[in-house]
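Here's the letter readout for the chains.
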Amino acid sequence: MTIGIWILGDQLWTGQAALANRQAYARETPVILIESHNHIRQRPYHQQKLVLIWSAMRHFAEELKTLGWSVTYEVAEDFEPILSAWIERLGIKELQIMMPNDLPFLRLIKNLNLDCVITLIDNNHFLWTRTDFNNWAKSRKRLLLEDFYRESRKKWQILIEDNQPIGGQWNFDKQNRKPPKDGLKTAAPLWFEPDEITLQVIADVEALDIPKYGKIKPFRWAVNRRQALQVLEHFITNCLPNFGPYQDAMITEEETLWHSLLSPYLNLGLLTPLEVIQAAEIAYKKDNLALNSIEGFIRQVLGWREYMQGIYHYLGEDYANHNWFEHQQPLPAFFWDSNQTEMNCLKQVLSQVENTGYAHHIQRLMILSNFALIFGCSPPAVENWFHSVFIDAYDWVMQTNVLGMGQFADGGILASKPYAASANYIDKMSDYCRGCVYKKNERVGDLACPFNFLYWDFLARHREKLKCQGRVNMILGHLDRMSADELNQMRCQSNQLRAISCQESGVRSQESGGDREIGFWGDRVLG
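Overview of the structure.

Basis of the calculations
Residues numbered from 1 in each chain as written. Predicted model: local features only at pLDDT ≥ 70, side-chain atom pairs only at ≥ 80, totals over all residues. Heavy atoms only, no water. Core = buried A, V, L, I, M, F, W, Y, C linked by side-chain atoms within 4.5 Å. Buried < 20%, exposed > 50% of the residue type's maximum accessible area, 1.4 Å probe, protein only. Contact = heavy atoms within 4.5 Å. Helix = DSSP H or I, 4+ residues; strand = E, 2+ residues; numbered from the N terminus. Pairing = 2+ DSSP bridges. Axes fitted to C-alpha atoms, helices over the stretch in contact; angles between N-to-C directions.

**Quick notes on the nonpolar core**
Counting residues in each nonpolar core, the largest one holds 160 residues, and the members touching the most others are Leu262, Tyr265, Tyr307, Leu346, Leu368, Trp385 and Phe390. When residues no more than four places from it in sequence are discounted, the contact partners of Leu368 are Phe335, Leu346, Val349, Leu350, Gln363, Trp385, Phe386 and Phe390. Leu8, Ile32, Ile92 and Ile109 belong to the second-largest nonpolar core, a separate cluster that totals 18 residues.

Structure follows, in structure tokens:
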């Protein structure tokens, strides 16, 4: 009986479960990878994300051929016709697929009408299996990242001695929140020139007549495991020693600071989480690096990344329907075009995303998601935008991070408070306010920073709901010390800004034409 393997675009390593299952029969096991144009019409993806995934897929196909696998690579409109023809031509009786990370793609696979048996192999993309995470979650009265992180540290014996955390504590986050200071000398990131395969993918993407976002050039990302390992080594050697203290800082025209840039490669399978974690721990022991930097980085991979995918599958597809604040505003048009805003923090981050498909976690959480939250944007529209524009975005990443952490749409399942802030936080953790036309210290008036009046209006609008969130009560007390006139003026300015934004968004959707509106403004909202 002929058994074939379909490798999905985010499963690009030789040890992935479906390939490992047939390793002993590589030469007699046909393998297929497929680029589907219809699949990417779901939303206007960043052009560099399309280049990254397709170039990585094409490079991986070539790698598999050198290892003796019989590989078919197809570029097509849809998955099903190509799969059907391949299965018939090769007489395949069973198609093995590693379980996809994203639930919508699992639904797509289950709806395929193929003339063979489809076998889903348990996913080994993460350290925690879905069964193990579900068993852990079911045994808990509360689902907290910190509890999960500690369990993970013990389970894999990471930064552990005698079953206790090295350094006497589990979390050094308080040491990793320094605001930026003048004269910081950051590490240069490691980038790559496109090779022949990548140049062809760039030309292919440029030729596509589909909604797209962002700039395609210069494209500088790693596209194979060899390059991804170089990025890991570069981070460990040049960035990790100083990563911790300023990991929350934001600096004008500084795209990467000391951040690792490893998430795109982890999410594609070019790197595995354990090898990344172990590389950091080895460097800590070998070079006597600062523990707060090592722990802070390891927590992002072993804690947060593993927790996000576990929660995503544990809570299921219904999680996407949460909207605790009942926010319904469309996303402002400037999210799709940074030239349409004069708020310097947003312009800086959005233009960076347009150029690279990347922003670090605080830029995403406390600039982009923060604004969308206090503005009152529809959570599915916000998630759709994040999913579209970020180079490391997938459904399993963005549902939990954006809806739970960023928009508090789940009412506290994931986060212990809404991550909302005024200009005060942005000014503390960045230099963005220095170059802004708006006044960071003003709450009302023509030059008041919109983050200020939107923030206080958000608290006032949702005060009754927020009372049950203990960590917010002290902040809510500040509302009592504000005059009714000031609160009313902030409410008026907030409503005026939303009204203007609705008009601009409407113009944008009309210009996009017909069905394109669904792609730009969120299929879950309009569809």
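What follows picks up the thread again.
**Considerations on unusual backbone geometry**
Note the cis peptide between Lys217 and Pro218, where omega equals -5 degrees. Relative to the helices and strands, Pro218 resides in the loop between helix H7 (196-207) and helix H8 (225-239). Even without being a glycine, Asp162 presents a positive backbone phi close to 55 degrees. Along the polypeptide, Asp162 turns up in the loop between strand E6 (160-161) and strand E7 (164-165). With relative accessibility at 77%, the residue Asp162 sits in the exposed group. Not every positive phi belongs to a glycine, and Asn163 is a case in point at roughly 60 degrees. Assignment of secondary structure puts Asn163 in the loop between E6 and E7. Judged by its relative accessible area of 43%, Asn163 falls in the partly exposed class.

**With respect to the sheet that holds strand E5 (residues 117-121)**
Backbone hydrogen bonds hold the strands of a sheet together, and the pairing may be parallel or antiparallel. Read from one edge to the other, the open sheet built from five strands follows the order E3-E2-E1-E4-E5, with strand pairing classed as parallel. The open sheet is flanked by strand E3 (70-76) and E5, the only strands paired with a single partner. When strand polarity is set aside, the average angle formed by the axes of neighbouring strands in this sheet is 25 degrees. Here strand E1 (residues 2-6) pairs with strand E4 (residues 92-98) via four bridges, running parallel. In the strand pairing of E4, Thr2 is matched with Ile92. Strands in contact with helix H3 (residues 79-90) are E1, strand E2 (30-36), E3 and E4; relative to E2, the strand with the most contacts, it is inclined by about 160 degrees. Taken strand by strand, helix H4 (residues 103-110) contacts E1, E4 and E5, and its axis lies near 155 degrees from that of E5.

Spatial relationships are all this shows, so hold off on functional conclusions.
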